[in-house]
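# Close look at the chain arrangement
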Amino acid sequence: MCNGINCSNTIVKIQTMTVIIPKEVYFTVVAACVRFANRKRPKEDWKEVSGIFTGKFIENENGKDLYISACYPIMHDTFDPNDANVDESDPRTVIDGYEYSDEDHESFALIDEEAFSRGEFTVGWWHSHPGFKVMLSGFGDRKTTISYQAHNPLAIALVFNPDRLVRQIELPQKAGDPVRQLRDDPGFKIFRMEDPNDRYSNFYEVEYKIEGFEDGEQRVRYAQKLAIDITNFFSGENVFEIYNKFIDSRINELNSLLQGVEEYLHTLSRTGESHRIHEVLSSQTREIRKFIAETFIKVENIKEFMNYLEYKERPIILPKVDEILAKWDNTVSQLNSKLTEIAKKFAF
Ligand SMILES: [Zn+2]
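Keep in mind that this is a model prediction, so the values were computed, not measured.

Before going further, it helps to spend a moment on the overall build of the protein. A tally of helices and strands in the protein yields nine helices and ten strands. The C-alpha radius of gyration of the protein comes to 26 Å, more than 25% above the 20 Å expected for a compact globule of 348 residues. Counting only C-alpha atoms, the protein reaches 90 × 50 × 40 Å along its principal axes. Looking at the 348 residues of the protein, the share that counts as buried comes to 48%. Look at the contacts in the protein between residues 6 or more apart in sequence, and 75% of them connect residues 24 or more apart. Here the protein displays about 17800 Å² of accessible surface, and carbon together with sulfur accounts for 50% of that area. Considering the protein, the positive charge centre built from 43 side chains and the negative charge centre built from 57 side chains are found 5 Å apart.

Structure below.
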């Protein structure tokens, strides 16, 4: 019998629906969740992340499949279990401390409206269980899933554990039980409630297909690589501060490279090695162009990561990041004239 959260053994499938997940949708879930649960953050600071999916139903021979066309990160858990006012018996100290703010509800409404204008709608929700088992918790998750199924009978709930993807293991339900080794696992499962009118009813797993990869092995390899990039370059709340620091240091480095070239050429002309100036200037210019190309890859990463921001963050963070990246673009656009200036000083 099912009681509380220990229901996974009694799962039955009553639907033939398959959920189709494009690569970008999957990567958005991975990135948004790893952002707040990764090796750069102490484990006690790992936060649950939550968002929604929009999409449409596609007729198939057995009935309907669900095609998810977009994934929207909405919020990360700001519940602090160490707060002195928090009662230790509060289940949120252990799991599912997320609470939606008015702003989050506004995001839901705006996203739903946008979807509607494309002939689509909100088709479910997703959230992370960082470092703990993938399932629907008895107190929060099932209630939330039911509210989605009430609006849309075929709505789904996806639960992702970044640690499951990174380590390819499923943690046991109870402490002391064995850890299960996984293979080619994307780190999540998709669930629905059996009875959309009863929050105490069972949940069951729904089949899915992730598009855009050659096979499961490649999918996990790419997703794990994304998790590393996110850990290094998109971790935590104030990502624009990381980018500001990064771009400033790149600009400084570029300026000191240019200064270094000039000093080098001065030395050559002083020590009677002017015949080498041309050769040295071209090799140094190549080095500088290499540095710019490396930075360009990072800048492209930053732009890509902007797709993984929470909906409410976009109007605040996007203009800041644009401003930061414009500093770099400006610097690079002056490079040729700076190099010409240096060359002229040494009569080229
Ligand atoms: Zn949960």
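What follows is about the pattern of salt bridges. Scanning all chains against the criterion turns up 14 salt bridges. Between arginine 35 and glutamate 313 there is a salt bridge whose closest N-O contact spans 2.9 Å. One end of the pair, arginine 35, is in the loop between helix H1 (23-34) and strand S2 (49-60); the other, glutamate 313, is in the loop between helix H7 (277-305) and helix H8 (314-333), with 278 residues separating them in the sequence. Each member of the pair, arginine 35 as well as glutamate 313, is classed as buried. Here lysine 133 ties to glutamate 170 by a salt bridge, and the two come within 3.9 Å at their closest N and O atoms. Of this pair, lysine 133 sits in the loop between strand S4 (121-128) and helix H3 (141-151) while glutamate 170 sits in strand S6 (residues 169-170), placing them 37 residues apart in sequence.

Attention shifts here to the packing of aromatic side chains. Tallied over the entire structure, the rule returns 18 aromatic pairs. Geometrically, the ring pair formed by tyrosine 72 and tyrosine 311 is edge-to-face, given 6.0 Å between the ring centres and 70 degrees between the ring planes. Here tyrosine 311 lies in the loop between H7 and H8 and tyrosine 72 lies in strand S3 (residues 63-76), a separation of 239 residues in the sequence. Look at tyrosine 72 and you get buried, because its relative accessible area is 6%.

A separate point is H8. For H8, built from 20 residues, the straight-helix expectation of 28 Å at 1.5 Å per residue is met to within 8% by its first-to-last C-alpha distance of 27 Å. All of the buried residues along H8 are Ile317, Val321, Ile324, Leu325, Trp328 and Thr331. In an axial view of H8, the angular spread of the buried residues amounts to 100 degrees, which keeps them on one side of the axis. Exposed positions of H8 whose direction lies more than 90 degrees from the buried face are Pro315, Asp322, Glu323 and Ser333.

The next point concerns the nonpolar core. In this structure, Ile21, Tyr26, Phe53 and Tyr243 are the most contacted members of the largest nonpolar core, which totals 72 residues. Once you skip the residues sitting within four places of it in the chain, tyrosine 26 turns out to touch Ile21, Leu165, Pro186, Phe188, Ile210, Phe213, Arg219 and Ala223. Within the second largest apolar cluster, 21 residues are counted, among which are Ile74, Val134, Leu136 and Tyr148.

The next subject is the side chain of threonine 331. Here threonine 331 shows up in helix H8. With sequence-adjacent residues up to four places away left out, threonine 331 is seen in contact with Ile251 and Leu254.

About the cut-offs
Residues numbered from 1 in each chain as written. Predicted model: local features only at pLDDT ≥ 70, side-chain atom pairs only at ≥ 80, totals over all residues. Heavy atoms only, no water. Helix = DSSP H or I, 4+ residues; strand = E, 2+ residues; numbered from the N terminus. Rg over C-alpha atoms; globule rule 2.2 N^0.38 Å. Buried < 20%, exposed > 50% of the residue type's maximum accessible area, 1.4 Å probe, protein only. Contact = heavy atoms within 4.5 Å. Areas by Shrake-Rupley, 256 points an atom, 1.4 Å probe, with all protein chains shown as cover. Lys, Arg positive; Asp, Glu negative; His and termini not counted. Charge placed at Lys NZ, Arg CZ, Asp CG, Glu CD. Salt bridge = Lys/Arg side-chain N within 4 Å of Asp/Glu carboxyl O. Phe/Tyr/Trp six-rings, centres within 6.5 Å; stacked < 30°, edge-to-face > 60°. Expected span 1.5 Å × (residues − 1). Arc of directions from axis to C-beta. Core = buried A, V, L, I, M, F, W, Y, C linked by side-chain atoms within 4.5 Å.

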